[in-house]
Amino acid sequence: PSRGKLIACWDDDAVRELSSKAFCPVESFGLAPEAQWTARSVEFLEKTTRFEVVRNAAPWGHFETSLAGSFNIKNCLAAIACASDLGVSAGSIAQGLRTFKNVKRRLEIRGEARGVTVFDDFAHHPTAIHETLSAVKARYPGSRLWAVFEPRSATSRRNVFQKEFATCFDKADRVVLCSLFAPEKLDASVRLDVAQVVQELRARGIVAC
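Residues numbered from 1 in each chain as written. Predicted model: local features only at pLDDT ≥ 70, side-chain atom pairs only at ≥ 80, totals over all residues. Heavy atoms only, no water.

### Considerations on the sheet that holds strand S10 (residues 207-208)
Adjacent strands of a sheet pair through backbone hydrogen bonds, lying either parallel or antiparallel.
Right, on to step 1. Judged by pairing direction, the sheet is parallel, and its 3 strands sit side by side in the order S8-S9-S10 without closing on themselves. The two strands at the open ends of the sheet, each matched to only one other strand, are strand S8 (146-149) and S10.
Right, on to step 2. The pairing of strand S9 (residues 174-177) with S10 spans 2 bridges and is parallel. Note that in S10 the partner of Arg 174 across the bridge is Val 207.
Right, on to step 3. Helix H5 (residues 194-203) contacts S9 and S10 of the sheet and is inclined by roughly 170° relative to S9. (Pairing = 2+ DSSP bridges. Helix = DSSP H or I, 4+ residues; strand = E, 2+ residues; numbered from the N terminus. Contact = heavy atoms within 4.5 Å. Axes fitted to C-alpha atoms, helices over the stretch in contact; angles between N-to-C directions.)

### Quick notes on the pairing of strand S2 (residues 26-29)
Right, on to step 1. Note: strand S1 (residues 6-9) against S2, 4 bridges, orientation parallel. The partner of Ala 8 across the bridge, within S2, is Ser 28.
Right, on to step 2. Crossover S1 to S2 through helix H1 (residues 13-19) is right-handed. (Right-handed = clockwise from strand over helix to strand, strands pointing away.)

### Overview of the state of the cysteines
Right, on to step 1. According to the stated counting rule, one finds 0 disulfides in the structure shown.
Right, on to step 2. Cys 82 carries a free sulfur, and the closest cysteine sulfur to it, the one in Cys 24, is 12 Å from it.
Right, on to step 3. A relative accessible area of 23% places Cys 82 in the partly exposed class. (Disulfide = S-S within 2.5 Å. Buried < 20%, exposed > 50% of the residue type's maximum accessible area, 1.4 Å probe, protein only.)

### Describing the side chain of Ser 19
Right, on to step 1. Structurally, Ser 19 is set in helix H1.
Right, on to step 2. Residue Ser 19 is classed as buried on the basis of its relative accessible area, which comes to 7%.
Right, on to step 3. Separated by 2.7 Å, the side chain of Ser 19 and the backbone oxygen of Val 15 make a polar contact. (Polar contact = N/O pair within 3.5 Å; in protein donor to acceptor, adjacent residues only side chain to side chain.)

### Quick notes on the pattern of salt bridges
Right, on to step 1. Taken as a whole, this structure holds 14 salt bridges when the rule is applied.
Right, on to step 2. For Asp 85, the salt bridge is made with Lys 5, and the minimal N-O distance between the two is 3.0 Å. Placement of Asp 85 in helix H2 (residues 70-85) and of Lys 5 in the segment before S1 is noted, with a sequence separation of 80 residues between them. As far as the burial class goes, Asp 85 and Lys 5 line up, both buried.
Right, on to step 3. Between Glu 52 and Arg 40 there is a salt bridge; the shortest N-O distance is 3.0 Å. Residue Glu 52 is located in strand S4 (residues 49-55), and its partner Arg 40 is located in strand S3 (residues 37-44); the two are separated by 12 residues in the primary sequence. (Salt bridge = Lys/Arg side-chain N within 4 Å of Asp/Glu carboxyl O.)

### Re the side chain of Asp 121
Right, on to step 1. Mapping Asp 121 onto the fold places it in the loop between strand S7 (116-120) and helix H4 (126-139).
Right, on to step 2. Here Asp 121 occupies a buried position and makes no salt bridge, while the nearest side chain of opposite charge, Arg 106, is found at 4.3 Å.
Right, on to step 3. Looking at Asp 121, its side chain comes within polar contact range of the main-chain nitrogen of Ala 123, at 2.8 Å. (Lys, Arg positive; Asp, Glu negative; His and termini not counted.)

Structure (structure tokens):
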């Protein structure tokens, strides 16, 4: 919300449906072309992401951010829409995005050695994992991508996403799955079956262990 206005992501059908019932003005953002705030001419570079913002089909400004991935473009669009509604100029918003440093454990670079860059990310459910791997692949399209995942959160340790975990690593060239964190705290009937995920990944042609 921004000053009694709902800023809604137009890429989500459920959000669109809920927004139609809102009792306040709604502004939409997203990569869907019909969104009021959207992005075009997107460039995923090694260190930055550049894009043009379009508002109501009219060019509104050019922006650059150190953040990677389509989901972060949508995050930027949401911030731009809110800031604009609060009276912040396009130039000031662009400066803010250009100098913004990401929070910890959100594609955080932990180190580089011998041409290998190590990222730390808190993605703990299939959608977040897919988006994170897609972001890295877009930024480093010619590089091999290894995904090392520990089912540690309350959700990821359970089998609620058993099927989805077998498909969300498709952007990775190799997947390493760690054992469950504190498995003794969960009944066996609700635990994620890591061995089964590995088998299904291998069946999809992904090197996994």
